[in-house]
Amino acid sequence: TPTNDRNTPPNSTVDNPPPVTVCRRVYRRISACDETSVRVLRQSFTNFEGLMITDGDPRDAGRSERHYGDQGIRIIKTTARLGLSGSRNAGLREARSELIAFIDSDDWCEPDRLATQVAFLGRHPDHVLVGGALRFVNEMSEIIGSRSYPQNDDEIKRTIVIYNCIAKPTSMARPRSMNEAGEGR
């Protein structure tokens with residue numbers, strides 16, 4: 001497994017993983033991963049494992065290994081196309097950490113995203129998942145829109161039966177709880 005002092009502490013092992021796995025799926029958008037990688041590696045919370053799922057395209061797997069393997073990102077190559085949910089489920093199975101953060105290959109995240117979410121879940125051990133709002137940007141990185149989501153348990157329970165009110169690319173979860181619940185199936 002490749003390692004990197006930036007996101008995999010020297011004493012981190014399979015038996016002693018960092019507290020967070022940051023999981024990304026790549027499917028034919030490997031060039032979009034560059035800005036995402038920069039944003040993830042610039043997080044104020046640096047004790048995390050990077051995990052990239054290449055979704056069935058051998059070209060993506062090869063490019064991912066060449067571009068990101070030396071950055072300490074663990075690359076999981078799938079032989080068949082899993083799709084978005086299947087890739088995220090693969091990430092849940094492969095995550096070594098107590099928490100998993102999802103980010104799509106073409107998304108950005110705020111520099112304190114991981115720190116904020118880790119702190120929240122640390123204060124609320126009964127919570128399985130936390131998410132955030134979205135901002136949409138154009139090709140010039142100008143904000144062109146946003147989307148907010150319910151922020152408390154009652155609002156989420158009322159809304160989730162109407163539409164998916166959890167933006168997966170902004171979410172952090174406890175993989176063990178998600179796997180037990182059969183998330184994504």
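Here is a short report on the structure shown in this document. Every chain is numbered independently, its residues counted from 1 as its sequence is written. Under the rules for a predicted model, residues below a pLDDT of 70 receive no local features and side-chain atom pairs below 80 are neither given nor counted, while totals for whole chains, interfaces and linings still include all residues. With hydrogens and water stripped out, all remaining heavy atoms of the structure feed into the side-chain values.

Comments concerning the packing of aromatic side chains
- To pair, rings of Phe, Tyr and Trp, with the six-membered ring standing in for Trp, must have centres within 6.5 Å; the planes then decide the type, stacked if under 30 degrees apart, edge-to-face if over 60, and tilted in the middle. The final tally for this structure, using the stated rule, is 0 aromatic pairs.
- Over a ring means this: the NZ of a Lys or the CZ of an Arg is within 6 Å of the ring centre and within 35 degrees of the ring normal. The ring of Phe-102 is capped by Lys-168, whose NZ or CZ atom sits 5.6 Å from the centre of that ring.

Topic: the nonpolar core
- Counting residues in hydrophobic clusters, the biggest one holds 13 residues, and the most contacted among them are Val-20, Val-22, Leu-99, Ala-101, Leu-114, Val-118 and Met-172.
- Mapped by element, the contributors of at least two residues to this core are strand S1 (20-26), strand S4 (99-102) and helix H4 (113-123).
- Each helix is a run of H or I in the DSSP string that is no shorter than four residues. Each strand is a run of E no shorter than two, and both are numbered from the N terminus. Per-element accounting of this core gives the leading share, 3 residues, to H4. Only buried Ala, Val, Leu, Ile, Met, Phe, Trp, Tyr and Cys residues count toward a nonpolar core, and they belong to the same one when joined by side-chain atoms within 4.5 Å. Here the term buried applies to any residue with accessible area under 20% of the maximum for its type, exposed to any over 50%, and partly exposed to those in between, with areas from a 1.4 Å probe on protein chains only.

So, the pattern of salt bridges
- Criterion for a salt bridge: a side-chain nitrogen of Lys or Arg within 4 Å of a carboxyl oxygen of Asp or Glu. Per the stated rule, a full pass over the model turns up 3 salt bridges.
- Close ionic contact of Arg-135 with Glu-110 constitutes a salt bridge, the shortest N to O distance being 1.9 Å. In this pair, Arg-135 sits in strand S6 (residues 134-137) while Glu-110 sits in the loop between S4 and H4, placing the two residues 25 residues apart along the sequence.
- You can call Glu-110 partly exposed: its relative accessible area is 46%.
- Note that Lys-157 and Asp-153 form a salt bridge whose closest N and O atoms lie 3.0 Å from each other. Here Lys-157 and its partner Asp-153 are both found in helix H5 (residues 153-160), 4 residues apart, which amounts to about one turn of the helix.

Side note on the pairing of strand S3 (residues 73-77)
- Within S3, 4 of the 5 residues are buried, which leaves the element mostly enclosed by the surrounding structure.
- Any two strands between which DSSP finds at least two bridges are classified as paired. Alignment of strand S2 (residues 48-54) against S3, held across 5 bridges, turns out to be parallel. Bridge pairing in S3 places Gly-50 opposite Ile-73.

As for the sheet that holds S2
- Reading across from one edge, S3-S2-S1-S4-S8-S5 is the order of the 6 strands in this open sheet, with mixed pairing throughout. Both outer strands of the open sheet, S3 and strand S5 (129-130), are each paired with one neighbouring strand and no more.
- By the bridge criterion, 2 bridges tie S4 to strand S8 (residues 172-173) in an arrangement that is antiparallel. Across the sheet, residue Ala-101 finds its bridge partner in S8, namely Met-172.
- Across the face of the sheet, helix H3 (residues 83-94) comes into contact with S1, S2, S3 and S4 while running at roughly 145° to S2. The contact rule is simple, with two residues in contact once any of their heavy atoms fall within 4.5 Å. Structural elements are reduced to axes, namely lines fitted to C-alpha atoms, with helices fitted over the stretch in contact, and the angle between N-to-C directions of any two is expressed from 0 to 180 degrees.

Nothing here speaks to function; it is geometry throughout.
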